[in-house]
Amino acid sequence: MKIIDLKKVLDNLTEEQLDGELIAKGTYWDGVVHSVKPSDTNLYWNGDDDPSELMTEEEMKVRIEEDGEDEMPDVYIKKGQMILYC
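Each chain has its residues counted from 1, following the order in which its sequence is written. A pLDDT threshold of at least 70 governs which residues receive local features in this predicted model, and a stricter bar of 80 or more applies before side-chain atom pairs are shown or counted, although totals over entire chains, interfaces and linings include all residues. Side-chain descriptors were evaluated using all non-hydrogen atoms of the structure, hydrogens and water having been removed beforehand.

## Brief notes about the overall build of the chain
So, point 1. Each helix is a run of H or I in the DSSP string that is no shorter than four residues. Each strand is a run of E no shorter than two, and both are numbered from the N terminus. Looking only at helices and strands, the chain has three helices and six strands in total.
So, point 2. Relative to a compact globule of 86 residues, whose C-alpha radius of gyration would be 12 Å, the chain shows 17 Å and is clearly more extended.
So, point 3. Residue contacts follow a heavy-atom distance rule, with two residues in contact if any of their heavy atoms lie within 4.5 Å. Intrachain contacts of the chain at a sequence separation of at least 6 include 52% that bridge at least 24 residues.
So, point 4. In the structure as shown, the chain presents an accessible area of about 7,400 Å², 50% of it carried by carbon and sulfur atoms. Note on method: radius of gyration uses C-alpha positions; expected globular size equals 2.2 Å times residues raised to 0.38. For every accessible area listed, the method is Shrake-Rupley and the probe measures 1.4 Å; residues are considered covered only by the protein chains on display.

## Quick notes on the side chain of Ser39
So, point 1. Considering the arrangement of structural elements, one finds Ser39 in the loop between β3 (35–38) and β4 (43–45).
So, point 2. Relative accessibility decides the category of a residue: with a 1.4 Å probe and only protein chains considered, values under 20% of the type maximum give buried, values over 50% give exposed, and everything between is partly exposed. A residue is classified by how much of its surface remains accessible, and Ser39, at 7% relative accessible area, is buried.
So, point 3. Whenever a nitrogen or oxygen atom comes within 3.5 Å of another N or O atom, the pair is scored as a polar contact, on the condition that within protein one atom can donate a hydrogen and the other can accept it, and that pairs from neighbouring residues in sequence are kept only if both atoms are in side chains. At 2.5 Å, the side chain of Ser39 and the backbone oxygen of Thr41 are in polar contact.
So, point 4. With residues near it in sequence (within four places) discarded, Ser39 still touches Ile77, Lys78, Lys79, Gly80, Gln81 and Ile83.

## Here we look at the packing of aromatic side chains
So, point 1. What counts as a ring pair is set by centres within 6.5 Å for rings of Phe, Tyr and Trp (its six-membered ring), and what kind of pair is set by the plane angle: stacked under 30 degrees, edge-to-face over 60, tilted for all other angles. By the definition in use, this model includes one aromatic pair.
So, point 2. The lysine or arginine in question, Lys37, covers the ring of Tyr85, its NZ or CZ lying 5.4 Å from the ring centre. Lysine and arginine charges are scored as sitting over a ring when NZ or CZ, respectively, is within 6 Å of the ring centre and within 35 degrees of the ring normal.

## Some words on the environment of Gln17
So, point 1. Within the element layout of this structure, Gln17 appears in helix α2 (residues 15–18).
So, point 2. By relative accessible area, which is 45% here, Gln17 ends up partly exposed.
So, point 3. Within the local environment of Gln17, its side chain forms a polar contact with the backbone nitrogen of Thr14, the two atoms lying 2.9 Å apart.

## Structural notes on a nonpolar patch on the surface
So, point 1. Here a patch means residues that are over 30% exposed by relative accessible area and free of salt bridges, tied together within 9 Å if like-charged and within 5 Å if nonpolar (Val, Leu, Ile, Met, Phe, Trp, Tyr). Here, a salt bridge means any Lys or Arg side-chain nitrogen found within 4 Å of an Asp or Glu carboxyl oxygen. A grouping of Met1, Leu6, Val9, Leu10 and Leu18 is seen on the molecular surface, where their side chains present a nonpolar patch of about 480 Å² in accessible area.
So, point 2. Of the residues forming the nonpolar patch, the biggest block, three residues, is contributed by helix α1 (residues 3–11).
So, point 3. Within the secondary structure, Met1 sits in the segment before α1.
So, point 4. We classify Met1 as exposed; its relative accessible area is 79%.

So, in structure tokens, the structure goes:
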């Protein structure tokens, strides 16, 4: 879903709905969203099973060096992309 799609949904909600909590429901987690903000940096998925962590570029470089891998993975979340925090 793109943010423009979310905006279209939000534009059509009632005042009562807009006053309610935003709930995130996922395959492996769910909860109340407590903040929405852009990523301060590029983030990388560490590739681990659940629970997995997002890593900064510096952290990923250390991991790649420690694991003896040759190249950085693709950016998972680009700097400036919006993130819902639960």
